[in-house]
Structure formats: structure tokens, C-alpha cells
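Next come the chains, spelled out residue by residue.
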Amino acid sequence: MLKTKALQDVLRQAHVHGITRSLLMTGEGDLLGAASDDPDSDKYVAAIAANMWRSYEKGGKRTLNAESLQCLLVENEMGRLAVARTARVLVCLVATKSVPLGMLRAKLNAVTTYLEEPMKLLSTTT
């Protein structure tokens, strides 16, 4: 069973130094857990991030002969977004432009590593 309060607490731990949103979602963009100051838009951010992940993963396999996409970093006029896969789910962090990309990626790696084993257990029991 997925404990949403515990998951939200884990996701909220990533919120330091300009990271404003942490999402856990399926590859299709269905939200499994979230921590943000604007929960009304979490499902939209999750859907967009998952769509970008699928597009880049598919394109990377074709054009770069890469086995799989490891991390997607995006910067736009509103801020920065980082997405990575752990087990069979995606983790997404959203940050302000003031957050260095290296720091954002390091925080993303920490969250995905922490969640990998619990998410593997969850995916084998469903």
C-alpha cells in the first residue's frame, strides 16, 4: 500500500534552495504523489513532464542509439524542470532559474535513489 502522507514528506524534503515542486508519476503522467505550493496545477505539470520524457526517450533511442534516457533537464522562461525514472515511475522536480542545473540534477538523483527500492516493491505487488 502506498502511504501518501509519507510519500509527500519524502518529496517535500527536496524543497530547498529554490526547488518548488516535487512530483511522482507514471510514465503516462498520472500523478502518484506530489509536494508543491500550487497543488491545483500538479496534474498538468505531471502530464506535460511525462509527455516530454516519452518524446525524448523515444527520439533518443532512435537517433542516439541510447538504451534509455537517464535524465531530462529543461529550462524555460518560468524556471527549470528535471525528470528521471526510478523503478517504473518518473520523478519530476521543478525549480526557479536561480537553482544551478547541477544542484537540481544532484537533488533529483538523491530523490530517485531514495525511492528506487520502495517503488520496485510497489511495482512487483501490483
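Residues numbered from 1 in each chain as written. Predicted model: local features only at pLDDT ≥ 70, side-chain atom pairs only at ≥ 80, totals over all residues. Heavy atoms only, no water.

A. Structural context of the overall build of the protein. Secondary structure summary: the protein contains three helices and five strands in total. Across the protein, helices and strands are ordered from the amino to the carboxyl terminus as α-β-β-α-β-β-β-α. Relative to the globule expectation of 14 Å for 126 residues, the C-alpha radius of gyration of the protein, 14 Å, shows essentially globular dimensions. Taken along its principal axes, the extent of the C-alpha atoms in the protein is 40 × 40 × 25 Å. (Helix = DSSP H or I, 4+ residues; strand = E, 2+ residues; numbered from the N terminus. Rg over C-alpha atoms; globule rule 2.2 N^0.38 Å.)

B. Representation of the confidence of the model for the protein within the structure. Taken over all residues, the pLDDT of the protein has a mean of 88, while the share at 70 or more is 92%. Taking the mean pLDDT of every element in the protein, the minimum, 82, falls on helix α1 (residues 4–12) and the maximum, 96, on strand β5 (residues 89–95). (pLDDT = per-residue confidence, 0-100.)

C. Layout of the nonpolar core. Residues Leu11, Leu24, Leu104, Leu108 and Leu115 are the most contacted members of the largest nonpolar core, which totals 20 residues. Of all the elements in the fold, those that place two or more residues in this core are α1, β1 (19–25), β4 (79–86), β5 and α3 (101–125). (Core = buried A, V, L, I, M, F, W, Y, C linked by side-chain atoms within 4.5 Å. Buried < 20%, exposed > 50% of the residue type's maximum accessible area, 1.4 Å probe, protein only.)

D. Representation of the pattern of salt bridges within the structure. Scanning the model with the defined rule gives three salt bridges in all. A salt bridge links Asp42 to Arg21, with the shortest nitrogen-to-oxygen separation between them at 2.3 Å. Of the two residues, Asp42 is situated in helix α2 (residues 42–63) and Arg21 in strand β1; the sequence distance between them amounts to 21 residues. Residue Asp42 is classed as buried on the basis of its relative accessible area of 3%. Looking at Arg21, the relative accessible area reads 12%, which means it is buried. (Salt bridge = Lys/Arg side-chain N within 4 Å of Asp/Glu carboxyl O.)

E. Quick peek at the environment of Lys97. Among the secondary structure elements, Lys97 is positioned in the loop between β5 and α3. A relative accessible area of 41% places Lys97 in the partly exposed class. As for Lys97 and Ala14, which are separated by 83 residues in sequence, their C-alpha atoms are 16 Å apart. Among residues more than four places away in sequence, those in contact with Lys97 are Glu75, Asn76, Glu77, Met78, Gly79 and Arg80. (Contact = heavy atoms within 4.5 Å.)

F. Unusual backbone geometry, seen in detail. Residue His17 is not a glycine yet carries a positive backbone phi of 55°. Secondary-structure assignment places His17 in the loop between α1 and β1. Look at Ala87: it is not a glycine, yet its phi comes out positive at around 55°. Locating Ala87 in the fold gives a position in the loop between β4 and β5.

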